[in-house]
Amino acid sequence: MLKALTELFDRAFADERTATAEERQHGVQLATALLLVEVERADFSEDITEHEETFRLLKSFFELSDEDAELLVQDAREEADYAASLQQFTRRLHDALTPDEKLRIVEMLWKVALADDHLDKHEDHLVRKIADLLYVSHGDLIRIRNRVTGAAAG
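Residues numbered from 1 in each chain as written. Predicted model: local features only at pLDDT ≥ 70, side-chain atom pairs only at ≥ 80, totals over all residues. Heavy atoms only, no water.

Turning next to the side chain of Thr54. Mapped onto the fold, Thr54 is located in helix α3 (residues 48-62). The buried category is assigned to Thr54, whose relative accessible area is 0%. Every residue in contact with Thr54, bar those within four places of it in the chain, is listed here: Leu36, Glu40, Val73 and Val112. (Helix = DSSP H or I, 4+ residues; strand = E, 2+ residues; numbered from the N terminus. Buried < 20%, exposed > 50% of the residue type's maximum accessible area, 1.4 Å probe, protein only. Contact = heavy atoms within 4.5 Å.)

The next subject is the environment of Phe89. Among the structural elements, Phe89 can be located in helix α5 (residues 87-96). Counting along the chain gives 45 residues from Phe89 to Leu134, while the straight-line C-alpha distance between them is 9.7 Å.

Taken N-terminus to C-terminus, the directions of helix α2 (residues 21-41) and helix α4 (residues 66-82) make an angle of 70°; their axes are 8 Å apart at the nearest point. Judged by the angle between their axes, α2 and α4 are roughly perpendicular. Crossing handedness for the pair α2 and α4: right-handed. In contact with His26, Gln29, Leu30, Ala33, Leu34, Val37, Glu38, Glu40 and Arg41 of α2, α4 contributes Leu72, Val73, Asp75, Ala76, Arg77, Glu79, Ala80 and Asp81. Among the residues making up the contact of α2 with α4, the classes are represented as eight nonpolar, two polar and seven charged. (Axes fitted to C-alpha atoms, helices over the stretch in contact; angles between N-to-C directions. Parallel < 35°, antiparallel > 145°, perpendicular 65-115°, else oblique. Left-handed = near helix turned anticlockwise from the far one by under 90°. Nonpolar A, V, L, I, M, F, W, Y, C, P; charged D, E, K, R; others polar.)

Its 15 residues give helix α6 (residues 99-113) an end-to-end C-alpha distance of 21 Å, which sits within 8% of 21 Å, the value for a rise of 1.5 Å per residue. Those residues of α6 lying buried are Lys102, Leu103, Ile105, Val106, Glu107, Met108, Leu109, Trp110, Val112 and Ala113. (Expected span 1.5 Å × (residues − 1).)

With 43 residues, the main nonpolar core has Val39, Val106, Leu109 and Ile130 as its most contacted residues. Counting residues per element, this core draws most heavily on α2, which supplies nine residues. Those residues in contact with Val39, other than ones at most four positions away along the chain, are Leu109, Val112, Ala113, Glu123, Leu126, Val127 and Ile130. (Core = buried A, V, L, I, M, F, W, Y, C linked by side-chain atoms within 4.5 Å.)

As structure tokens, then:
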């Protein structure tokens, strides 16, 4: 199963001329979900609140059914278990997404990191690292974090 996921992901980004729109969209969804799962795991504790936020954000952002969102999260967890580096995922997202979409991804990362009302230093570091790999400016990163923090407090 993992090999099939990896092959699908690789096909989705290998060559835009040969990848179907569906394969490409699934690749973007899987890469995004994997990053959210990695933020969930960054503080080394399983938190149902963070998992629920990941599910909710993916469902909303990609307009998925409950079943499709759950399958996406499951696939992302399996892929994350064997991923050697985030760079292969962020590089592909950087190439595939618009600047506004990248900002929305960073916003989702902050929302997952802050879902349990605590920003662990490992979560903070990982969100910053991913934003850097997506070429999101430091100013945008902080602006988004402050907006998410303000929304959570309000």
